[in-house]
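Remarks on the overall topology
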Amino acid sequence: MKRYLTLLCLLFLTLTGHAQKAILTGTVKDSIAHFPVSFASIVLIDAHGEVVDGIVADSAGNFRFLNLKKGSYTVVVKFIGYSQKSLFVDIDSSSGVDLHEIALATGDNRLEEVKITGGLITPKHTGDRQRYEASQYKNAVGGTALDIIKNLPSASVDVNGNISMRGNSGIIVLINGKPSFLDPATILNQIAANDVLEVEYITSPSAQYDPDGKGGIINIRTKRRTTDGLVWVFNFQGGLPSIKDYNNIKNQRRFGGDASFQFKRNKLELNGSANYLRNDNAGYREGDVYTIVGDRQTFFPSKGERSFDKYNFGIRLNAAYEISQKQQVSLGFLASRKFQDRLADIYYTNRTVQSSDGRELSAVNYFNSNLQNKQGEFYLIDFNYINRLSASHSLQFGAIYEYANIYGSTKNANIEQGIDTIQSTNNNYTNPLRGLRLSLQHTWKLSHGELLNGYQLRNDRQKGNFEYVATKEGSRVPVLIPEFTGKLNANNTVHAIFSQYDHKLKRTQLSFGLRYEYYQRDVLLVNTGKEYPYSTHQLYPTFNLIHELSKSWSWKIAAARRVQRNNNFELNPIPEREHSETLEQGDPNLVPEFTFNMETGIVKRLKGGSLFLNAYYQHTKNPIQRVNSVYADTILNRVFTNADYANRWGTEIGGEGKIFSWLKLNGGLNLYRYKISGKVLDYLETRSNSDLVYSLNAGAQVDLPKEWSVGMQVNYLSEKPTVQGKDSRFVAPHFNLSKDFLKGAIKAQLQWQFIELGKWGVNEQRITTSSSDFFTTTNYIYEKNIIMVNLGFNFHKLNQLSKLPKSEFGEKEF
C-alpha cells in the first residue's frame, strides 16, 4: 500500500509540473442524472469565428485542448439526442481554464419531425470496455435484455439461459452504471429489450467497481427523456400456438406488455415503468445413467416431459430533484413478483445386475412426477445524493435497501404400474433475504486527470427454513425426515476502500487503481449449532490503457485481479431431492474463486463501423464446479465443489457496420483453450480436462422498400469441457420481418425463433459427467419454431439514459 501511494504521488507531481502552455479541460455530463455523456463532440472557435480545434470526449465525458494562446473562445458541445450548448471562455494565463462539468439537456426530438437515414452508430472501444447499440439486434425486439446480450461478440447462452462472457459464467450486471449482485439471467429477463439504448461489456473493470464476477461486467444503459412534459411508451407481444409441444400436459402461453412514462418539469424528474411477461416453454428430456456400488451395477435410463410455466411482473419508479446547481437527490422504488413451475414427468426403466457375472438381480419400471415451484416478491428502495463541493471536488452518497420474500417447493411422486404410489415427497422452503449497500465517493478533478477515492459496504442476510416430508407406500401420513430438514442462517459482509486515477494524454488514455476489501462470511446450521466462518483480506489492482496509433487504429492493454464469491445457494448443505435420480446440496466450506485477467487488442475504425481483435489470458484459483457422486443405487448426489485451478487462453475477433446503404452486418468469434484440473470430492485421482472451445454470433439485417426490413441472427456455442465431463454444442438461429408505420411511430415485427435445422439439434444441449463409479448423460430438448408477434407504439423518441432502481440481492438467490 505504501509503494502504491508513493507511486501515485510521484506520478501526480510529474504530470502537474510540466505544463507550460494554456490548456482547456472539462467534463460533459447529463443535466439531470449527471451521467458522463461519452464521446460528445466539442468544437473550439476563436474570437474571429474560426475553428481552432475539434475533439471527441472520452468514455467518461472528459476532454482537453492543449497549447492554447491567450484570448477569447467559444466552446460548442453537442451530442445526438441533446441540445447543443455554447460557452464563452477567456484564457488570460498560461495555467489555463477548467470548465468542470458541462451539463447537456435533451432536445425535443419527436418521431414525426425527422427521419434518420444515416449509417449505424459505430461501436466504441476504450481501454476497459466495448460498447454496442441495442437497436441493431432486431431479433431482440419485444424480448428482454438477455436477447440483446446473447448477440454480443463475446457472449454465449446455453440451453438453460445461463449467460457466459468469454466462456465465464460469473458476470455482474449493472443498470446505468449501478452495481448489482443479481443472477445475470434473472435481472436481464426483467428488462424489456425495447427500453435498452446500448450495452457495455466491461472486460477489465477499474478499481471503483466491485471485483465480483470473473467474467467482467455487463452495463445496460436504458433510454430516457427529460425535457419538460409527459411521455408514454407502450409495447405488446404475443406468441402463436406451439408447433411442436412434445405432448406436454399444458399448452404454452406467451404474451406480455410494458408501459413506461417520463415526466419533467423544471428541476423535478419522474420516471416509471410497469411490465408483465408470460413466457412458457415446452420441453422434453432423455437420459441414461448407471451407478456401481460394490458388486452391483444399476442402469436407469429415462425419458419424459420437462417444461416451464413462468411469468413475472413489476413496477419501477424513480424521482430526481435538482436542489441547486451543486446538489441533486434521487429516490427509487421497485416492487416485482416472479413465478416459475418446472414440471418433469419422467419414465424410468431400472435394471440392476451383478457386476462380476452380469446376472440380473432386479428390474422395475416406474414413473416419477416432479414439480418444482419457485416464487418471490422483491422490494427495493434506492437513494442517491450528489454534492459538487467546488469546481474540483464532489461527493456522492448512495444507499440501497432490499427485502426479498423467496419461497417454493419440490414435489416428487414415484408411481409403479401407473397406479401405485410407492413414495411421495415434498421439499418446502422459505428463504427471505435482507440486503443493504452503502457507498461514499469523492472525486477530485486535476488539471490532467481525475482522482477517485471511496468506501463501499455490502451486507446481505438470509434466514432459510427447509422442510422435507415423505409419505411411503401403505401410509397417507407425511413424516418429517430430519436428515433433509433444517434451518440455515447466512450473513455476508464486504468492506471496500478504493483509489483510482484516470489520466488522458493527447493520444493516450490510462487508468490505474487499487482496491482493498475485507470479506466476512458466516454460515450457521441452526438445528445443529454448527458454524462455518470464513474471512479474508484481499487487494485488487487494476490497469487500463488505450493508445491511438492513428486516426483509424487504436491499441489497448489491460489487467485486473477479480473474485467470484459463493452465493448462499452454493453454500447450503441441507440436501434437496430435486427429482427421483438427483439429490442436490451445497458446501459451506467452499472458498471464493480468485482470478487474474490480462488482455491486449487492436481496433480498426471504418467509415460505417469497426473491426477489433483481442487476445486474453485468465488464470483462476479454486474454480467452482457442480459435480456428481453416488448417493445410492438410483440416486446421484449433485454438489458444488472447488477444483484446483483453471486456465483460459483466447482470442476474439468481431465487427459490425453498414456494408451497403441497405445491408447491416454484425458478428463475433470467440476462440479459447480451456483447461481445468483438481481433485473432486472424495475421489483420490486428480481430474484434468481441456479442449478448444468457440462461440460464434453473427447477424444480417436488410432494409427493403416501403419501410420493410428482414434479418437473420445465429448463435452457436461449441462443445465445452467440465471437470467431470462435457457440455455439448448449442445452436439457436432466429429470423425477423419488420414493418414501420407512420414514420416509425408504430412498429410491427414477426419473429421466427429457434428455426429447426434437421439434425443440428437446435435449442437442445446434452450434459455428460462420469467417474469410476457412475456415468450420466442427459439431453435437454426445448421448443423449436416459436412464432412471436410484436407491436410497439412510440409516441416520442426516448434518447436519454434512464436510471431506474433494480433488485440488489434477492434475485441472485431466486
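Residues numbered from 1 in each chain as written. Predicted model: local features only at pLDDT ≥ 70, side-chain atom pairs only at ≥ 80, totals over all residues. Heavy atoms only, no water.

1. Quick look at the overall build of the chain
- Tallying secondary structure elements over the chain gives five helices and 49 strands in all.
- Residue pairs at least 24 apart in sequence account for 68% of intrachain contacts in the chain once pairs closer than 6 positions are excluded.
- Entry remark: accessible area of the chain is about 34900 Å², with carbon and sulfur atoms responsible for 58%. (Helix = DSSP H or I, 4+ residues; strand = E, 2+ residues; numbered from the N terminus. Contact = heavy atoms within 4.5 Å. Areas by Shrake-Rupley, 256 points an atom, 1.4 Å probe, with all protein chains shown as cover.)

2. Side note on the environment of Glu-133
- One can find Glu-133 in strand E9 (residues 129-133).
- What makes Glu-133 buried here is its relative accessible area of 14%.
- For the pair formed by Glu-133 and Val-196, sequence separation is 63 residues and the distance between their alpha carbons is 8.8 Å. (Buried < 20%, exposed > 50% of the residue type's maximum accessible area, 1.4 Å probe, protein only.)

3. Looking at the sheet that holds strand E3 (residues 51-56)
- Taken together, the four strands give an open sheet; going across it, the order is E3-E2-E5-E6, and neighbouring strands pair in antiparallel fashion. Every other strand in the sheet has two partners, leaving E3 and strand E6 (85-91) as the edge strands with one partner each. Neighbouring strand axes in the sheet, compared pairwise and without regard to direction, differ in orientation by 20 degrees on average.
- Pairing between strand E2 (residues 41-46) and strand E5 (residues 71-78): six bridges, direction antiparallel. Bridging from a neighbouring strand, Ile-42 pairs with Val-77 of E5. (Pairing = 2+ DSSP bridges. Axes fitted to C-alpha atoms, helices over the stretch in contact; angles between N-to-C directions.)

4. Considerations on the nonpolar core
- Counting 27 residues, the largest nonpolar core has Leu-152, Leu-188, Ile-218 and Ile-220 as its most contacted members.
- Residue assignment for this core shows that the elements contributing at least two residues are helix H2 (145-149), strand E10 (155-157), strand E11 (163-165), strand E12 (172-175), helix H3 (184-190), strand E13 (196-202) and strand E14 (217-224).
- A per-element tally of this core places H2 first, with four residues.
- With sequence-adjacent residues up to four places away left out, Leu-188 is seen in contact with Thr-144, Ala-145, Leu-146, Ile-149, Ile-163, Val-173 and Ile-220. (Core = buried A, V, L, I, M, F, W, Y, C linked by side-chain atoms within 4.5 Å.)

5. A look at the pairing of strand E31 (residues 553-564)
- Taken together, the seven bridges between strand E30 (residues 530-548) and E31 define a ladder with antiparallel strand orientation. Pairing of Phe-543 across the sheet is with Ala-559, part of E31.
- Hairpin connection of E30 to E31: four residues between the antiparallel strands.
- Pairing of E31 with strand E34 (residues 593-605), which is carried by 12 bridges, proceeds in the antiparallel orientation. Within the sheet, the bridge partner assigned to Ile-557 lies in E34 and is Thr-600.

6. Concerning the packing of aromatic side chains
- Counted by the stated rule, this structure contains 26 aromatic pairs.
- Each ring, one from Tyr-276 and one from Phe-313, has its centre 6.2 Å from the other, and the planes form 20 degrees; the classification is stacked. With Tyr-276 in strand E17 (residues 268-279) and Phe-313 in strand E20 (residues 302-322), the pair connects residues that are 37 residues apart, well separated along the chain.
- A relative accessible area of 30% means that Tyr-276 is categorised as partly exposed.
- According to the relative accessible area criterion, Phe-313 is partly exposed, its value standing at 34%.
- Between Tyr-290 and Phe-299, the ring centres sit 5.9 Å apart and the planes meet at 55 degrees, which makes this aromatic pair tilted.
- Relative accessible area serves as the criterion here: at 23%, Phe-299 is assigned to the partly exposed category.
- A connected cluster of aromatic rings, assembled from ring pairs, spans Phe-255, Tyr-276, Tyr-311, Phe-313 and Phe-339.
- We note Lys-310 situated over the ring of Phe-308; from NZ or CZ to the ring centre the distance is 5.5 Å. (Phe/Tyr/Trp six-rings, centres within 6.5 Å; stacked < 30°, edge-to-face > 60°. Lys NZ or Arg CZ within 6 Å of the ring centre and 35° of its normal.)

7. Considering the confidence of the model for the chain
- Mean pLDDT over the chain stands at 84; residues scoring 70 or higher make up 89%.
- A low-confidence stretch, residues 797-805 stays under pLDDT 50, and its non-local contacts, those more than four residues away or across chains, total 55 contacts. (pLDDT = per-residue confidence, 0-100.)

8. Points about the pairing of E5
- Judged from the seven bridges that link them, E5 and E6 form a sheet pairing that is antiparallel. In the sheet register, Val-75 faces E6, and the bridge partner there is Leu-87.

9. What to know about the pattern of salt bridges
- Applying the stated rule across the entire model yields 32 salt bridges.
- We note a salt bridge from Glu-200 to Arg-129, for which the minimum N-O separation is 3.1 Å. Within this pair, whereas Glu-200 is found in strand E13, its partner Arg-129 is found in strand E9, the two being separated by 71 residues in sequence.
- Glu-200 gets classed as buried once you look at its relative accessible area, which sits at 2%.
- Taking the relative accessible area as the measure of exposure, Arg-129 reaches 11% and is therefore buried.
- The residue Glu-783 makes a salt bridge to Arg-254 at a minimum N-O spacing of 3.0 Å. Linking Glu-783 in the loop between strand E47 (774-782) and strand E48 (786-794) with Arg-254 in strand E16 (residues 254-265), this pair joins segments that are 529 residues apart in sequence.
- For Glu-783, a relative accessible area of 0% puts it in the buried group. (Salt bridge = Lys/Arg side-chain N within 4 Å of Asp/Glu carboxyl O.)

10. Some details on a nonpolar patch on the surface
- Among the surface-exposed residues, Leu-549, Trp-553, Trp-555, Ile-602, Leu-613, Ile-653, Leu-669, Leu-671, Leu-692, Tyr-694 and Leu-696 lie close enough to one another that they form a single nonpolar patch of about 900 Å² accessible area.
- Element by element, the count of residues in the nonpolar patch is highest for strand E40 (residues 686-704), at three residues.
- Note that Tyr-694 resides in strand E40.
- Classification of Tyr-694 as partly exposed rests on a relative accessible area of 34%. (Patch = residues over 30% accessible without salt bridge, like charges linked within 9 Å, V, L, I, M, F, W, Y side chains within 5 Å.)

11. Comments concerning unusual backbone geometry
- With a phi close to 55 degrees, Tyr-246 is a non-glycine residue in the positive phi region.
- Within the secondary structure, Tyr-246 sits in the loop between strand E15 (229-239) and E16.
- Non-glycine residue Asn-785 carries a positive phi angle of around 55 degrees.
- Inspection of the secondary structure puts Asn-785 in the loop between E47 and E48.
- Classification of Asn-785 by relative accessible area gives buried; the value is 12%.

12. A look at the side chain of Asn-697
- With respect to the element layout, Asn-697 can be found in strand E40.
- From its side chain, Asn-697 meets the backbone oxygen of Lys-150 in a polar contact 3.3 Å long.
- In terms of polar contacts, Asn-697 uses its side chain to reach the side chain of Asn-715, at 3.0 Å.
- Aside from chain neighbours lying at most four places away, what touches Asn-697 is Lys-150, Asn-151, Leu-152, Pro-153, Ala-155, Asn-666, Gly-667, Gly-668, Gln-713, Val-714, Asn-715 and Tyr-716. (Polar contact = N/O pair within 3.5 Å; in protein donor to acceptor, adjacent residues only side chain to side chain.)

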